[in-house]
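Residue-level structural notes
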Amino acid sequence: MSDDLAMVYSTGEDGGGPMATGGWTAVDDRRLVPALGGLIDGTGMWRTGVLASIERTGRYLTGTWDPPGPEGEDGPGIAGEGSWVRFIGRIGAVALRAAAASTRPERRERLLAMLEMWAESPFADPGARLRTGIVVTERLAVRDERGAAVSAGWSHEGRRRFVELRTGDAEPPSLGTVEEVRDVPRGWGSAEQLRRLVALVRERGPAPWHREAVELLRERTGMGRPAASLALAGLLTRGYVPFLDADERATLRLKVAEAEDGGSELARLTSLDRLELLADVLPEDPAELWEPDGMLGVAERLAEAWQTRYGPRTVVPERTLKAVVELQLLRLSAAEFCAAFTDPAAGPGLSAPLDTWIKNGEHGPLLTDARWDIVRFEDRLHSVVPHLSWVYAELPAGDPVREGLPGLVRLLLERLDHPGLLLRAGHPGAGSGRTVAELHERFGFRPYAGPERLDVASIDDGLTVITDGTVDRRGHRSPPRVYFRPAFYGDDERSQALAATTSGFGREDIPLVEWVRGPVCARIIERIEGASLPVGAYESDPAVSAPDLVARVADTLGIDGDAAALYLQLLALPAPTDRNVRTWNGWKTARRQKAATVLVERGLVTEDKRPRAGRQVFLPGEWIHAKKPYQPMEAWKAELIGLRRSYNRRLENPLPLPTHTLPELFAHAWSLVENGEGPL
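What you are looking at is a predicted structure, and each value in this text was computed from that prediction instead of being measured. Counting starts from 1 at the beginning of each chain's written sequence and moves along it residue by residue. Only residues with pLDDT of 70 or above have their local features reported here, since the model is predicted, and side-chain atom pairs are shown and tallied only from 80 upward, although totals for entire chains, interfaces and linings are computed over all residues. Just so you know, side-chain values use all the structure's heavy atoms and leave hydrogens and water out.

Right, let's talk about the nonpolar core for a bit. Membership of the largest hydrophobic core comes to 106 residues, with the highest contact counts inside it found for Phe341, Phe377 and Leu405. Each helix is a run of H or I in the DSSP string that is no shorter than four residues. Each strand is a run of E no shorter than two, and both are numbered from the N terminus. The biggest single contributor to this core is helix H24 (residues 561–572), with nine residues. Any pair of residues with heavy atoms lying within 4.5 Å of one another is described as a contacting pair. For Phe377, the residues in contact, after removing those within four places along its chain, are Pro348, Gly349, Leu350, Leu354, Leu412, Arg415, Leu416, Leu421 and Leu423. Residues Leu130, Ala228, Ala231 and Leu266 belong to the second largest nonpolar core, which totals 90 residues. Residue types Ala, Val, Leu, Ile, Met, Phe, Trp, Tyr and Cys, when buried and joined through side-chain atoms within 4.5 Å, form a set referred to as a nonpolar core. The buried label goes to any residue with under 20% of its type's maximum accessible area, the exposed label to any with over 50%, and the partly exposed label to all in between, with areas taken from a 1.4 Å probe on protein chains only.

As a further point, take the sheet that holds strand S11 (residues 458–460). Overall, antiparallel pairing links the four strands, which are arranged S10-S13-S12-S11 in an open sheet. Looking at strand neighbours, the two that pair on one side only are strand S10 (423–424) and S11, the edges of this open sheet. In this scheme, strands are said to pair when DSSP sees at least two bridges between them. Two strands pair when backbone bridges link them, and S11 and strand S12 (residues 464–467) are joined in this way by three bridges, in the antiparallel orientation. Bridge pairing in S12 places Ile459 opposite Ile466.

Turning our eyes to something else, we now look at the packing of H24 against helix H26 (residues 589–601). Across the interface, H24 lies against H26 with an axial gap of 8 Å and an inter-helix angle of 80°. For the element pair H24 / H26, the angle class is roughly perpendicular. Counted together, Asp562, Ala563, Leu566, Tyr567 and Leu570 of H24 and Arg591, Arg592, Ala595, Ala596, Val598 and Leu599 of H26 form the full contact between these two elements. Of the residues in the contact of H24 with H26, the class split is eight nonpolar, no polar and three charged. Axis geometry follows a simple rule: fit a line to the C-alpha atoms, using only the stretch in contact for helices, then measure angles between N-to-C directions, giving values from 0 to 180 degrees. Under this scheme an angle from 65 to 115 degrees is roughly perpendicular, one under 35 degrees roughly parallel, and one over 145 degrees roughly antiparallel; angles in between are oblique. Charged residues are taken to be Asp, Glu, Lys and Arg, nonpolar residues to be Ala, Val, Leu, Ile, Met, Phe, Trp, Tyr, Cys and Pro, and polar residues to be all remaining types, Gly included.

Residues Thr464 and Ile466 line one face of S12 and the alternating positions Val465 and Thr467 line the opposite face, and both faces are buried. If you look at the hairpin formed by S11 and S12, you'll find three residues sitting between the two strands, and Gly462 has a positive phi there, around 100°. With four bridges joining them, S12 and strand S13 (residues 481–484) adopt antiparallel strand pairing. From the neighbouring strand, Val465 faces S13, where its bridge partner is Tyr483.

This brings us to the pairing of S13. Alignment of S10 against S13, held across two bridges, turns out to be antiparallel. What sits directly across from Arg424, in S13, is Tyr483.

So, on to the packing of aromatic side chains. Here the aromatic set is Phe, Tyr and Trp, taking the six-membered ring for Trp, and pairing holds for ring centres within 6.5 Å; pairs whose planes are under 30 degrees apart are stacked, those over 60 apart are edge-to-face, and all others are tilted. Under the counting rule described, the total for this entry stands at nine aromatic pairs. The interplanar angle of 80° and the centroid separation of 6.2 Å between the aromatic rings of Trp84 and Trp118 together place this pair among those described as edge-to-face. Placement of Trp84 in the loop between helix H2 (50–62) and helix H3 (92–99) and of Trp118 in helix H4 (residues 105–119) is noted, with a sequence separation of 34 residues between them. For the pair shown, Trp84 and Trp118 are each scored as buried. The structure contains a cluster of three or more aromatic residues connected by ring pairs, namely Trp84, Phe87, Trp118 and Phe123. Counted as over-ring charges are cases with an Arg CZ or a Lys NZ within 6 Å of the ring centre that also lie within 35 degrees of the ring normal. Lying across the ring of Tyr60, Arg143 places its NZ or CZ 4.3 Å from the centre.

Moving on, we come to the sheet that holds strand S6 (residues 159–166). Across a sheet, strands are paired by hydrogen bonds formed along the backbone, either parallel or antiparallel in direction. Spatially, S4-S5-S6-S3-S7 is the arrangement adopted by the five strands of the open sheet, whose pairing is antiparallel. Both edges of this open sheet fall to strand S4 (141–144) and strand S7 (177–183), since each of them pairs with a single strand only. Strand after strand, the sheet turns through a mean of 20° between neighbouring axes, direction not considered. Sitting on the sheet, H2 touches strand S3 (129–136), S4, strand S5 (147–151) and S6, and the angle it makes with S5 is about 150°.

The next point concerns the environment of Pro386. The topology assignment puts Pro386 in the loop between helix H14 (373–384) and helix H15 (388–394). Overall, the relative accessible area of 32% leaves Pro386 in the partly exposed class. Each C-alpha atom, one on Pro386 and one on Pro656, is 7.9 Å from the other, the two residues being 270 residues apart in sequence. For Pro386, the contacting residues outside a window of four places in its chain are Leu381, Leu512 and Leu657.

Structure follows, in structure tokens:
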């Protein structure tokens, strides 16, 4: 069957209808937008006819198309919101996505159609003297013997994106006052390369997927495996809506949570970032993509582009990344979380002391800084500090993330000691006061003095800053907002006044600052830096973290060491699932089962099946249910570790910041048992 007669029957975005593949003009190019997700801006402004508009723009520039209208200046039309001009010299990004094995068929056809159109335009001509930029104008197009210029974007305060082509020796005609202009890059994507790639995809199908290429990219850049997979598929983003169907995930070998995590890791890349990273990763001869090592070459070139732009990150074990993905962090991807430990000084918000201040916002005062690094700093503060104990307890000694914990904490402490840093402390607690005027007696009368005068009343006692709430259209006043300078937070009267005012829920950053500066965090660091465990061992295994205690438990109860270790884990650890115990202790299934049998026979635990428990043996007494992401457990253990129940008596709160190291917690739990206060 010839290309002109070939048909593809697709579902979903095409509604099951046929679409000709022989000519780009037959394509419903409104559906091109999802296929280009992450490579273009302003997706809501892209309408049907965008490919024709881009094609007319090229023909207008070369003088082979004349616009209608008496003045001849109507122009070829605005395609999308104009970000398509970035494809000039960077069309390789679109080509990679068109050739990638994971791209769903209906999107591939539209990408191939765009490449067909592009190959016939001056934008694929390496010799075309093209420039793009920003111009102040309301004109749409201008052309004479020197060349032509076209407005490629909608007007914003009189400024438009434009593209021009010079055909003579003199400067081409201008649309207006040019504010910025630059020559277009000369990257992969000549007309010959584009035609050849399109023909090869139609003849052979998409380029074969290589797991080895994903691993190479991960090792060279420090990306997580999900992000590396998405990158080699064309830097897919969550804007690629709907994001990854089952077939795409199967090709990329990603679970739903992994795909979401990879998208989160790449979310900070702009559309221009993505285009520039992928512009030149394809081989000179597109046929090399179908060779056995074709995608390895793509991975090597993409890794080089990534390192040039961002530098490499420390590569962490795949098992560590998978474990972090399972935490389902809201603010950071798994790779960003790990990088906070392995390369903390390179992290946004941590690389330098941070000066923050309060400014007026649309909905009242808000915290800001020169580059919005406060958002990234707080992302790390709220993601890292609550999980420091998890890193310490559930990653093995020698793991680069665990080994990086002390350095990260020291850097955090340095940043928290910077006098220019303001953080959030929530709102005043019940009975503390609903306005700044009611808080003067406790915090004084000096107002906050920042770079701009606030629209609401404020107080600043040097440690605490409080700003009045705002009044909405219904006359309701929001509560005051409280901020504090952690560098001055300690045991003095001002700190006591702040702590008393913000007691209870909603203290935001204060508990995190208190804990990371506290003695338990310091003792955790001592455990890690003291090389108290052999490489590969886990602190959650009391046989290696508290061997003397295990021996005492075994002797007291008349059981072997394995059963004693398992008993301590059941007493103290939030999630001693069968899988976790095997991982921590290095046991096979039979060994774990033997230890559990001993405990059952002695009446220390009971056998049962319980939802989301992941184990078959339990401490006696009440069991508290919980839904994801919270962990169900025995009531005795929840009280031991300080976990609060929710209003419905279930466990619907995150684990509290620990008050013991694990050897201390094992010892405390056993002391309760010895004193007759164990689970009943």
